[in-house]
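Coordinates in review
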Amino acid sequence: MCYPSRRMSAINLLDLLPTELESLAETLGAPRYRGRQIGNWIYRKGVSEIDAMSDLPRDLRRSLDERAFIGVPAIERRTPSQDGSEKIVFRLDDGARVQSVLMPDADRLTLCVSTQVGCGFACAFCYTGTMGLERNLGAGEIVGQVLGAARTLEPGRRLTHIVYMGMGEPLANYQATVTSLRLLTDPLALGFSPRRVTVSTVGLVGGIERLAKENLRVNLAISLHATSNEIRDRIMPVNKGFAIEELLAACRRFPLPFRQRMTFEYVLLDGVNDRPEDARRLVRLLKGIRAKVNLIPFNDWEGADFARPPLPRVLGFQSVLLEHGITATVRWSKGEDIGAACGQLREAVPA
Ligand code: SF4
């Protein structure tokens, strides 16, 4: 496929924070408030063409158009699921594809976004991990998924929550992830409450420590998935670099906003990590952390070496946590029938 070369070298306005839009306006010889108008057109009015910014002087529009574009990625495919969720495949400017998943639940509408094309962490239970890492996304490509998905909604519907749980490890693409979080939560850009935004990590301790200092006040979710280093080493190679104790020490130091709890994701794998003693060990590990646990019965994919535990074992695991005062929900993943469930996202690499 052929892509215009100007666009490949031009500035994606979605990469820029509101203050940077103001500086760009200044660079183009306009007053800074023009930058706020540009942001308003992109984030409030949802335009995709610079020429549509009708209250900007024609000269400014022309010089902006020569240097920049609004990079909302094209939608290649939308696949609805029987449970109401929907997988959206976006095609990026270089032809790479990433997936986002829309997940309605009562009065919530959550979008799960990707931060990388593929993923290099190779968790053994995860289909995305079999792709390997193709490349990082830019901040604008992450935010672009939000704007692109929002455009598919019927009038009156809007996204309420954003989770960074799609393809890739957000903290392995640290700078773009943080810039996209600022864009999501800045009232002059997308304006989501930080309480409605969750970053999920495989447990990169250095990234968690850095994120703790960013004052973003977003939620953190940890993909834990095992309670001993022996099992975690086996199913999550990242554990060989950061042992469970080190990871949980970083979680304890993370400044959780008032009343917020840290989420621990735990995929239940038949005969691997689903015994009552695993549940009891999890209780001990989470001591001293304001935690809630999402239990995710394994979502099968072709070629996987794992199976979903029988229902009584899932419920037994949950009750051990509940008996010890830990909020634990079983998350029957949405989008299972369309390959959009947790750990199932994968997209063919373009030829
Ligand atoms: S679970 Fe997350 S970190 Fe692990 S391979 Fe899958 S996408 Fe990567």
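Check the entry above for the structure.
Here we summarise the structure given alongside this text. (Residues numbered from 1 in each chain as written. Predicted model: local features only at pLDDT ≥ 70, side-chain atom pairs only at ≥ 80, totals over all residues. Heavy atoms only, no water.)

Let's shift gears to the overall build of the chain. Looking only at helices and strands, the chain features 11 helices and 14 strands. The C-alpha radius of gyration of the chain comes to 21 Å, within 12% of the 20 Å expected for a compact globule of 351 residues. Each principal axis of the C-alpha atoms in the chain carries an extent, and together these give about 70 × 40 × 40 Å. Taking all 351 residues of the chain together, 56% fall into the buried category. For the chain, the computed accessible surface area is about 15600 Å², with 50% contributed by carbon and sulfur atoms. Distance between charge centroids for the chain: 5 Å, based on 46 positive and 40 negative side chains. (Helix = DSSP H or I, 4+ residues; strand = E, 2+ residues; numbered from the N terminus. Rg over C-alpha atoms; globule rule 2.2 N^0.38 Å. Buried < 20%, exposed > 50% of the residue type's maximum accessible area, 1.4 Å probe, protein only. Areas by Shrake-Rupley, 256 points an atom, 1.4 Å probe, with all protein chains shown as cover. Lys, Arg positive; Asp, Glu negative; His and termini not counted. Charge placed at Lys NZ, Arg CZ, Asp CG, Glu CD.)

Counting 109 residues, the largest nonpolar core has L13, F125, F264 and V293 as the members making the most contacts within it. Among all residues touching L13, those that are not within four sequence positions of it are L21, L24, I38, I42, Y43, I50, L64, A68, F69 and I70. (Core = buried A, V, L, I, M, F, W, Y, C linked by side-chain atoms within 4.5 Å. Contact = heavy atoms within 4.5 Å.)

Turning to the site of the ligand, a few remarks are in order. The local shell around the ligand consists of C119, F121, A122, C123, C126, G129, G168 and V202. For the shell around the ligand, the class distribution of residues is six nonpolar, two polar and no charged. (Near = heavy atom within 4 Å. Nonpolar A, V, L, I, M, F, W, Y, C, P; charged D, E, K, R; others polar.)

It is worth spelling out the state of the cysteines at this point. Counted according to the given criterion, the structure contains zero disulfides. Of the cysteine sulfurs around C251, a residue in no disulfide, the closest is that of C123, at 15 Å. Given the relative accessible area of 3%, C251 is considered buried. (Disulfide = S-S within 2.5 Å.)

Another aspect to go through is helix α2 (residues 18–27). The complete set of buried residues in α2 reads P18, L21, E22, L24 and A25. One face of α2 carries all of its buried residues, which in axial projection span an arc of 160°. Tucked inside the fold, the buried residues of α2 contact β1 (11–12), α3 (33–44), α4 (58–67) and α6 (174–185). Of the residues trailing α2, G29 is marked for its positive phi of about 85°. (Arc of directions from axis to C-beta.)

Read across the sheet, 10 strands follow the order β3-β4-β5-β6-β9-β10-β11-β12-β13-β14 without closing on themselves; strand pairing throughout is mixed. Strands at the two margins of the open sheet, each flanked by one partner only, are β3 (74–80) and β14 (327–330). Within the sheet, the average angular offset between the axes of one strand and its neighbour, ignoring direction, is 20°. Of the strand pairs in this sheet, strand β12 (residues 262–268) and strand β13 (residues 291–297) are connected by seven bridges, and their pairing is parallel. Within the sheet, the bridge partner assigned to F264 lies in β13 and is V293. Across the sheet, α6 is in contact with β9 (161–164) and β10 (197–201); its angle to β9 comes to roughly 175°. (Pairing = 2+ DSSP bridges. Axes fitted to C-alpha atoms, helices over the stretch in contact; angles between N-to-C directions.)

This part takes up the packing of aromatic side chains. All told, the structure shown has three aromatic pairs when counted by the stated rule. Just above the ring of W41 sits the side chain of K45; from NZ or CZ to the centre is 4.0 Å. One cation-aromatic arrangement involves R210 over Y174; the distance from NZ or CZ to the ring centre is 3.8 Å. (Phe/Tyr/Trp six-rings, centres within 6.5 Å; stacked < 30°, edge-to-face > 60°. Lys NZ or Arg CZ within 6 Å of the ring centre and 35° of its normal.)

Inspection of every chain in the model, using the stated rule, returns 19 salt bridges. Between E141 and R135 there is a salt bridge, with the nearest N and O atoms lying 3.0 Å from each other. Given a relative accessible area of 16%, E141 falls into the buried group. Across the pair R331 and E265 runs a salt bridge whose closest N-O atoms are separated by 3.0 Å. Here R331 is found in the segment after β14, whereas its partner E265 is found in strand β12, with 66 residues between them in sequence. One salt-bridge network, in which partners are shared between bridges, spans E22, E26, R32 and R36. (Salt bridge = Lys/Arg side-chain N within 4 Å of Asp/Glu carboxyl O.)

Mapped onto the elements, S180 comes out in helix α6. Look at S180 and you get buried, because its relative accessible area is 0%. With near-sequence residues (within four places) excluded, S180 lies in contact with A139, I142, V143 and Y164.

Glancing now at the packing of helix α7 (residues 205–212) against helix α9 (residues 244–253). Contact geometry for α7 and α9: axes closest at 9 Å, N-to-C directions at 5°. By the angle between their axes, α7 is roughly parallel relative to α9. Where α7 approaches α9, its residues V205, I208 and E209 are matched on the opposing element by E246, L247, A250 and R253. Tallied by class, residues from the contact of α7 with α9 come to four nonpolar, no polar and three charged. (Parallel < 35°, antiparallel > 145°, perpendicular 65-115°, else oblique.)

This part takes up the environment of T110. Tracing the backbone through its elements, the reader meets T110 in strand β6 (residues 108–112). Non-local contacts of T110, meaning those with residues more than four positions away in its chain, are made with V101, L102, M103, H161 and V163.

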